[in-house]
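If you want the building blocks of each chain, they are given just below.
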Amino acid sequence: MATERTFSIIKPDATRRNLTGAVNAVIEQAGLRIVAQKRIHMTQAQAEAFYGVHAARPFFRDLVTFMISGPVVVQVLEADNAVARYRDVMGATNPANAEPGTIRKLFAESIEANSAHGSDSLENAAIEISYFFAGTEIVG
Ligand code: ADP
Ligand code: MG
């Protein structure tokens, strides 16, 4: 299996409850390496661009408002099969449907405030990583 990099966000509901370390423990215990990480407060323009694919969805406005409601931690995660592996570690979008032990089952407050973002494809991972990180900030 090939080593991949995926993009992760620890969302405002989790940073607000001081859960950055708890989420990172789940990530690391699953064998994903955190090869870049920083805490930022997204601007409205950044959040709108990042979630642009969802612009037509009814929840878009609320999602952008939520994502700028507090700091987030953006990360690059590295592992064999990192994209699919992190999707498994996060669990289903709706925490009610997430498997036990997943980040969303453990920590999410709701389908919107669901504690984590993870890229859905290798192609989107590269786009999302380059949106927030310079190559020199990623140390594998
Ligand atoms: P995922 O984050 O699992 O890839 P999506 O890409 O479909 O899920 O949605 C992006 C984010 O939008 C979700 O993580 C969640 O925060 C929010 N979201 C998705 N569906 C809904 C919904 N039905 N109501 C409110 N917020 C939603
Ligand atoms: Mg998605």
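The preceding data block contains the structure.
Description of the structure in this document. All figures in this text were calculated on a predicted structure; none of them were measured in a lab. (Residues numbered from 1 in each chain as written. Chains lettered and ligands numbered in written order. Predicted model: local features only at pLDDT ≥ 70, side-chain atom pairs only at ≥ 80, totals over all residues. Heavy atoms only, no water.)

1. Considering the environment of Ile10
For Ile10, the position within the fold is in strand 1 (residues 3-10). Relative accessible area serves as the criterion here: at 0%, Ile10 is assigned to the buried category. When the C-alpha atoms of Ile10 and Val23 are compared, they prove to be 7.7 Å apart, with 13 residues separating the residues in sequence. Other than its neighbours up to four places away in sequence, Ile10 contacts Thr15, Thr20, Val23, Asn24, Val72, Val73, Gln75 and Ser115. (Helix = DSSP H or I, 4+ residues; strand = E, 2+ residues; numbered from the N terminus. Buried < 20%, exposed > 50% of the residue type's maximum accessible area, 1.4 Å probe, protein only. Contact = heavy atoms within 4.5 Å.)

2. What about the sheet that holds strand 2 (residues 33-40)?
The strand order 2-3-1-4 describes an open sheet built from 4 strands, whose pairing is antiparallel. One side of each edge strand has no neighbouring strand; the edge strands of this open sheet are strand 2 and strand 4 (116-118). Strand-to-strand twist of the sheet, defined as the mean angle between neighbouring strand axes without regard to direction, takes the value 20 degrees. Strand direction decides the pairing type here: strand 2 and strand 3 (residues 72-80), joined by 7 bridges, are antiparallel. For Lys38, the partnering residue across the bridge sits in strand 3 and is Val74. Helix 2 (residues 20-29) rests against strand 1, strand 2 and strand 3 of the sheet, and its axis sits at about 160 degrees to strand 2. (Pairing = 2+ DSSP bridges. Axes fitted to C-alpha atoms, helices over the stretch in contact; angles between N-to-C directions.)

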